[in-house]
Amino acid sequence: MWTGVIPAVTTKFNADGSLDHAEMERCFGLQMQAGCDGIIVCGSLGEGPMLSQDERIAVLQRAQAVAQGKPVLMTVSEAGTREACALAAKAAKAGASGLMVVPSPIYHTDPAETVETLRAVAAAGDLPVMIYSNRVAYRVDVTPEIMEELAADSRFVAIKESSDDIRRTTEIINRLGDRYAVLTGVDNLAFEALAVGACGWVAGLVCAFPEETVAIYRLMKAGRYDEALAIYRWFRPLLDLDVSTYLVQNIKLAEALAIGSTETVRAPRRPLTGQRRAAVEATVRAAIAARAALPVAA
């Protein structure tokens, strides 16, 4: 159902902290112009936990306005199942194409609780669901065994695989075949995951470098691995910025330098300063200076 490059977009704010709808529309539009295959809003990179549910619906609607009919998914990542179900229902009413669901990121659920939570949110939204499995950031591992337990419910259609273990993609496919669309969610494992069968990439640095991200995916799918690998090797220092406690600030700074966007974040986050900012800026500027023309990929 969902394949290709699907950006997990950043949320844009005005200086006073309100939503910057014009800048979101511009930046989301750049993703579509580059050939991305959908949009995911209000995830960790989108500062979803810092937004009210009404604000998250507003961001969803802004993405829908520029998505050219491509899928727009709402991230559901709430501490409580009640709140998660409420957001899922609101997203469905607002016309979301689907949900990307994180089991409780605060109360780290055990396997039985994880299954129960995912089933409850899927039922509340009654939309296709991408399960977000990220045991590193959220300390809840949605294992292949859990995926198999959920497989009887046709609303579960995809996995954002972010275990940080490249073996997991093969384990899912070996155990469950094509039951789920498996998308990689770790930027600096994307080439490897696509090489072993992932059908999509939920990407972060795509927000600042959409053309390169799309080119890697399309070249991989065309079997032009050497050309994809050359871009990926250039991209790797940037992709590493996604695997960081500071991923929001890192990527917003990359957006500011690469596409002229803004760095405003919501407290308690602050824009990067000092040596950390200097290091990220140097990485981004070096990549921009070494940018090469991209091969044509169908």
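These remarks concern the structure in this document. (Residues numbered from 1 in each chain as written. Predicted model: local features only at pLDDT ≥ 70, side-chain atom pairs only at ≥ 80, totals over all residues. Heavy atoms only, no water.)

### Re the side chain of T213
Okay, step 1: Mapped onto the elements, T213 comes out in helix α9 (residues 210-221).
Okay, step 2: The class of T213 is buried, set by a relative accessible area of 1%.
Okay, step 3: For T213, the residues in contact, after removing those within four places along its chain, are V5, W201, A203, L205, V206 and F235. (Helix = DSSP H or I, 4+ residues; strand = E, 2+ residues; numbered from the N terminus. Buried < 20%, exposed > 50% of the residue type's maximum accessible area, 1.4 Å probe, protein only. Contact = heavy atoms within 4.5 Å.)

### Focus on the environment of D242
Okay, step 1: Relative to the helices and strands, D242 is located in the loop between α10 (225-239) and α11 (247-259).
Okay, step 2: Sequence-distant contacts of D242, that is, excluding residues within four places in its chain, are made with G185, D187, G204, L205, L247 and I251.

### Some remarks on the sheet that holds strand β8 (residues 200-203)
Okay, step 1: Here we have eight strands laid out as an open sheet, ordered β1-β8-β7-β6-β5-β4-β3-β2, and parallel in their pairing. This sheet does not close on itself; its edge strands, each paired only once, are β1 (4-7) and β2 (39-41). The sheet shows a mean angle of 25° between the axes of neighbouring strands, direction not considered.
Okay, step 2: The pairing of β1 with β8 spans four bridges and is parallel. Each bridged residue has a counterpart across the sheet, and for I6 the counterpart in β8 is V202.
Okay, step 3: Where helix α2 (residues 53-66) meets the sheet, its contacts fall on β2 and β3 (72-76), and the angle it forms with β3 comes to roughly 160°.
Okay, step 4: Packed onto the sheet, helix α7 (residues 167-176) meets β5 (129-133), β6 (156-161) and β7 (181-184) and runs at close to 160° relative to β6. (Pairing = 2+ DSSP bridges. Axes fitted to C-alpha atoms, helices over the stretch in contact; angles between N-to-C directions.)

### A closer look at unusual backbone geometry
Okay, step 1: Geometrically, the link from A267 to P268 is a cis peptide bond, its omega value of 15° lying close to zero.
Okay, step 2: Within the secondary structure layout, P268 lies in the loop between α11 and α12 (274-289).
Okay, step 3: For Q68, which is not glycine, the phi torsion reads 55° and is therefore positive.
Okay, step 4: Within the element layout of this structure, Q68 appears in the loop between α2 and β3.
Okay, step 5: Positioned with a positive phi, D164 is a non-glycine residue whose angle comes to about 70°.
Okay, step 6: Tracing the sequence through the fold places D164 in the loop between β6 and α7.
Okay, step 7: The class of D164 is partly exposed, set by a relative accessible area of 46%.

### Structural notes on α10
Okay, step 1: Compared with an ideal rise of 1.5 Å per residue, which puts 15 residues at 21 Å, α10 spans 18 Å between its outermost C-alpha atoms and falls more than 12% short.
Okay, step 2: Roughly 35° is the biggest bend found in α10, and it falls at R233, with proline P237 one to four residues downstream.
Okay, step 3: Among the residues of α10, those classed as buried are A228, I231, Y232, W234, F235, L238 and L239.
Okay, step 4: Looking at the buried residues of α10, the elements they touch are α8 (190-195), β8, α9 and α12. (Expected span 1.5 Å × (residues − 1). Bend = angle between axes of the 7 residues up to and from the residue.)

### Considerations on the packing of aromatic side chains
Two measures describe an aromatic ring pair: the distance that separates the ring centres and the angle between the ring planes.
Okay, step 1: Under the definition given, this model contains four aromatic pairs.
Okay, step 2: Between the aromatic rings of F209 and F235, the centroid separation amounts to 6.0 Å while the plane-to-plane angle is 75°, which identifies the pairing as edge-to-face. With a gap of 26 residues between them, F209 in the loop between β8 and α9 and F235 in helix α10 connect regions that are remote in the sequence. Both residues of the pair, F209 and F235, count as buried.
Okay, step 3: Each member of the aromatic cluster is reached from another via a ring pair, and the members are F209, W234 and F235.
Okay, step 4: Directly above the ring of Y132 sits K160, whose terminal nitrogen or CZ lies 3.9 Å from the centroid.
Okay, step 5: Above the plane of the ring of Y246 lies R276, whose end atom (NZ or CZ) is 3.9 Å from the centre. (Phe/Tyr/Trp six-rings, centres within 6.5 Å; stacked < 30°, edge-to-face > 60°. Lys NZ or Arg CZ within 6 Å of the ring centre and 35° of its normal.)

### Let's talk about α2
Okay, step 1: With 14 residues, α2 should cover 20 Å at 1.5 Å per step; its first-to-last C-alpha distance of 21 Å lies within 8% of that length.
Okay, step 2: Every buried residue of α2 is accounted for by Q53, R56, I57, A58, V59, L60, A63 and V66.
Okay, step 3: Looking at the buried positions of α2, the neighbouring elements they touch are α1 (21-33), β2, β3 and α3 (81-93).
Okay, step 4: Positive backbone phi, approximately 55°, marks Q68, located one or two places after α2.

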